[in-house]
Amino acid sequence: MSVLTFTERGIYCPAGDFFIDPWRPVDRALITHGHADHARPGHRHYLATAPAAPVMRHRLGDIALETVGYGKARRIGDATVSFHPAGHVPGSAQIRVEVGGEVWVVSGDYKLEEDGLSEPFEPVRAHAFISECTFGLPVFKWAPQAEVFAGINAWWAGNAARGRFTLLGAYALGKAQRLLAGVDAATGPILTHGAVEATCAVMRAQGIALPETVPVTPDTDLKAHAGGLVLAPPSALGGPWARCFGPAATGFASGWMALRGVRRRRAADRGFVLSDHADWAGLNTAIRETGAERVFVTHGYTSVFRRWLVEQGYEAEIVQTAFEGESLDRAEDEA
Amino acid sequence: MKRFAALFTALDRTTKTTAKVDALAAYFTEAPEDDRLWTVALLSGRRPRRAVTTTRLREWAAERAGLPLWLFEECYPVVGDLAETIALVLPPATGTSTASLSDWMAEIGALAAVEEPERKARILAAWDGLDGTERFLFNKLITGGFRVGVSQKLMTRALSRATGIDEAELAHRLMGDWTPATVSWQGLIEAPDPAAALSRPYPFYLAYQVEDGPEALGGAGDWLAEYKWDGIRGQLIVRGGEHFVWSRGEELMTDRFPELVAARDFLPEGTVIDGEILAWRVDAPLPFAALQKRITRKTVPKKLLAEAPVVLKAYDLLEQGGRDLRQTPLADRRARLEDLFAGLPAESPLRLSPLLPFGDWGALAEARAGARAAGAEGVMLKRAGAPYLAGRKKGDWWKWKLDPLSVDAVMIYAQAGHGRRATLYTDFTFAVWDGDQLVPFTKAYSGLTDAEFREITTWVRRNTLQRFGPVRQVKPEHVFEIAFEGIQESPRHKSGVALRFPRMARWRRDKPVEEANTLADLRALLASHG
């Protein structure tokens, strides 16, 4: 029997009778990270890494959640499981499942570049690897993040010099904190939308160091923070919430900003190519380093990426996920 | 190229008009004259001829990137732009180039003359010396598809600010048949050569659509009305014993319409007429499709000349006896035009577009209702006291088109758009019922909001039945109201009809697919309106 099978509720391990990131309620769920399309409500038991737990509790409420440290092997039924850093967001993991000497690894979402906040990605040897491929096309190539942050810092400083706010749209869990940790906080005050601040508060409480932020409320004296950087979920940038900042400069930070069409459609002043997912080279490197012969691709340009892998000599298959079409459906915001 | 790339980046980053004008004006002040001239040429649609086929470019780019061609082809529809796809997949440049825009344009111009292996070597070398935006722009320039979100009006405004020359005067100087090879910056912009002015057209004045009826325009007595003809706008110039015919897109069309050579016999020297070119038989226009055949031919075979002869329906006189009349009120220009046309023989290809008499707006509404029967697509309203302006300016010229025809149709195929609409499904094929079969009858690309396009895109991705390259067959589930301006018989289409200007008027979420229109309904429209 396979170590893992693909069911209509999600990835299932018959030997251990558990699911990984299931999308329908199950008895026992192993969760790679706290993003909504991976950690869903309604499961009876959850298992995740200790650093992923606070955000999951914040989002899912009072759940039966057990935590485990990175690299600690644990027996579930006839399976041995362990969680390994995926570098996607703080607490994110790849999940290794071993049954009778055969090892399968579920990548969850991952990136190879160290972002300074997330536990850095660790390659795990496996017989079979289940990989996301959100950016599984060779047009996606990330510049080193230092270069991207230099661009963001220069832009912010320029806006601040003209007394303007800088509105930067980024996903509230992960990307926003990565930006916070990466920008030059000496440039000016950093303000946050409620959704971003809530996640920041959860992360600070678990000991992750983030620069000081000013939550924007109806009572906030905006004049006192003129020239500040405002971090908000992308959806807030187009809405009435953003108008109180006057003629601000607007930008987005996402892997999709690599495409001019997406940038122009967003009608923002700037689009910064900064992703928490692996780019084309990253995906290929990660897959090679697992040493796996079988690769299952999911979440993204699956059919193209599968064909590419087959041509590279892998035994590759597509895993369908529920409620999903292709990459861009996963809200351009998240990536 | 670095300066030009910086300009492009500045223009591309902002949607604000003032920021674009600032960036352009600075460029027109600081850049070398040859580069300025090329920039004006490119922004006014004077693109170099395509020097290499896109098939070769795809092959070379895939080869250089170390990718199989199929993978490159899969990337293209996601990116939505060939030049950008190439720029993205190529490995990073190993060198940099200090060549200017005009140096690069010269290099691109020379590509057409060399053998293919040499052409390939030069293009690969260019890719290797250009990074990011510069590489993208180079690709845009060699594929001849250079477009950027800057209207000619906006560019002219920036030029005016940089040079201190009046905008309308600049707009006039920029018209006509010049290329950077035939003029200099000095000759075109700063000190134009009077001899070059012989063929130069005036900038066309363009009308806005009347939204809710003409009552808001004030008293009916201040306005002149005529039919809105469904042909191509043309400006006929008779100067120096020659004649020139210009399209609104500033294309010289003289050779396409040899009938109009007769203008030299019938019109005095120094005459410029604004009007509509129509395929015409006896006393009524032929369907636009007849004219379409003429437009696509650079030279016209005799058979086609006999099948679809053209006339110029004249409605304005812009120059008389060599004198620019554009500041003269329309009523006066119209009177002069009528005098000029009085007594023209019936065989002349020049016809007056008649004024529609009306005492009040109600009477004009009635005249408009008769437009379709007259082969027109509505009426034009022009303020009698107004000068002839340049470009699209609100106020003095209005078009009041007929309400479109419409049918409810089922979406059956979807394809991703290009440019700003890349990665969104925006190009759809629609079908009507023929018994229990859905017969495709038209495509439509426009009419939905961005939010609706995003919504339908998500739906398309999840409801694809089959893929044919970039085209997806989708579940027949959504009904759209398709509006169009005309319907004609067409043996080339499966449905037997062809529509003019189809677009999506509404997403009929309230309508089940069973209630979409039928082929019989289309045939009935063809019988009544074809």
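Conventions and cut-offs
Residues numbered from 1 in each chain as written. Chains lettered and ligands numbered in written order. Predicted model: local features only at pLDDT ≥ 70, side-chain atom pairs only at ≥ 80, totals over all residues. Helix = DSSP H or I, 4+ residues; strand = E, 2+ residues; numbered from the N terminus. Rg over C-alpha atoms; globule rule 2.2 N^0.38 Å. Buried ≥ 20, exposed ≤ 12 C-beta atoms within 10 Å, placed from the backbone. Contact = placed C-beta atoms within 7 Å. Nonpolar A, V, L, I, M, F, W, Y, C, P; charged D, E, K, R; others polar. Domains from an automatic or database assignment. pLDDT = per-residue confidence, 0-100. UniProt positions renumbered as here; feature names shortened; annotations may be inferred. Core = buried A, V, L, I, M, F, W, Y, C linked by C-beta atoms within 7 Å. Axes fitted to C-alpha atoms, helices over the stretch in contact; angles between N-to-C directions. Parallel < 35°, antiparallel > 145°, perpendicular 65-115°, else oblique. Left-handed = near helix turned anticlockwise from the far one by under 90°. Pairing = 2+ DSSP bridges.

Next up on the list: the overall build of chain A. Counting its secondary structure elements, chain A contains nine helices and 19 strands. Taking 20 Å as the expected radius of gyration for a compact globule of 335 residues, we find that chain A reaches 20 Å, a close match to that expectation. A principal-axis box enclosing the C-alpha atoms of chain A has dimensions of 65 × 45 × 30 Å. Within chain A, the proportion of its 335 residues that are buried is 53%.

Moving on to the overall build of chain B. When helices and strands are counted, chain B shows 19 helices and 22 strands. By the compact-globule yardstick of 24 Å for 530 residues, chain B fits well, its C-alpha radius of gyration being 26 Å. Along the first, second and third principal axes, the C-alpha set of chain B runs to 70 × 70 × 45 Å. Here chain B, with 530 residues, has 38% of them falling under the buried criterion. Considering only contacts within chain B whose residues lie at least 6 apart along the sequence, 71% involve residues at least 24 apart.

Quick look at the interface of chain B and chain A now. With 26 residues of chain B at the contact, the number on the chain A side is 19 residues. For the side of chain B that touches chain A, the elements supplying multiple residues, two or more each, are α5 (69-79), α6 (82-89) and α18 (450-462) of chain B. Element by element, the count of residues in the side of chain B that touches chain A is highest for α5 of chain B, at five residues. When grouped by side-chain class, the residues that make up the side of chain B that touches chain A number 10 nonpolar, seven polar and nine charged.

Let's shift gears to the domain arrangement of chain A. All names here are of chain A. The domain boundaries assigned to chain A delineate domain 1 (5-139 + 276-334) and domain 2 (145-272). Computed over C-alpha atoms, the centres of domain 1 and domain 2 are 29 Å apart. Taken together, the contacts link 19 residues of domain 1 with 23 residues of domain 2. Listed by contribution, the elements that provide at least two residues to the side of domain 1 that touches domain 2 are α1 (53-60) and α9 (331-334).

Further remarks concern the environment of Arg-506 of chain B. All names here are of chain B. For Arg-506, the location among the structural elements is in strand β22 (residues 503-507). Put simply, Arg-506 and Ile-482 are 24 residues apart on the chain and 7.4 Å apart in space, counted from C-alpha to C-alpha. Once residues lying within four places of it in the same chain are set aside, the contact partners of Arg-506 are Phe-480 and Glu-481.

Glancing now at the confidence of the model for chain B. Taken over all residues, the pLDDT of chain B has a mean of 90, while the share at 70 or more is 99%. Our summary of model confidence lists the complex with pTM equal to 0.78 and ipTM equal to 0.93.

UniProt marks residues 303-434 of chain B with the feature "domain: ATP-dependent DNA ligase family profile" (unreviewed entry), using the numbering shown here. Regarding residues 303-434 of chain B, the helix share stands at 20% and the strand share at 40%, and the terminal C-alpha atoms are separated by 37 Å.

What follows deals with the domain arrangement of chain B. All names here are of chain B. Taken domain by domain, chain B consists of domain 1 (2-142), domain 2 (205-401) and domain 3 (405-529). Taking the mean C-alpha position of each, domain 1 and domain 3 sit 35 Å from one another. Of the residues lining the interface, five residues belong to domain 1; the matching set on domain 3 comes to seven residues. Taken together, the residues that form the side of domain 1 that touches domain 3 break down as three nonpolar, one polar and one charged.

Core analysis: the largest hydrophobic core is formed by 235 residues, its most contacted members being Val-230 and Leu-231 of chain A together with Ala-409 and Phe-430 of chain B. A per-element tally of this core places strand β14 (residues 405-416) of chain B first, with eight residues. Discounting chain neighbours no more than four positions away, the residues touching Val-230 of chain A are Phe-165, Thr-166, Leu-167, Leu-168, Leu-191, Val-216 and Phe-245 of chain A.

Residue and element names in this part refer to chain B. Structurally, Ala-121 can be placed in helix α8 (residues 116-129). Residue Ala-121 is classed as exposed on the basis of its 12 C-beta neighbours within 10 Å. Along the backbone, Ala-121 and Trp-60 are 61 residues apart, and their C-alpha atoms lie at a distance of 9.9 Å.

Residues and elements named next belong to chain B. It is at 8 Å that the axes of α6 and helix α9 (residues 132-142) come closest, and there the two elements cross at 140°. Classified by the angle between their axes, α6 and α9 sit oblique to one another. As α6 packs across α9, the resulting crossing turns out to be right-handed. Facing α6, whose interface residues are Ala-83, Glu-84, Ile-86 and Ala-87, α9 presents Arg-135, Phe-136, Asn-139 and Lys-140. Per-class residue counts for the contact of α6 with α9 are four nonpolar, one polar and three charged.

All names here are of chain A. Taking strand neighbours across the sheet as the criterion, the six strands line up as β1-β2-β3-β4-β5-β6 in an open arrangement whose pairing is mixed. In this open sheet, the two strands that pair with only one neighbour each are β1 (5-7) and β6 (65-68). If you compare each strand with its neighbour and ignore which way they point, the axes differ by 30° on average. Relative to strand β5 (residues 45-49), strand β4 (residues 28-30) is paired through three bridges, and the arrangement is parallel. When the bridges of β5 are listed, Leu-30 appears paired with Leu-47.

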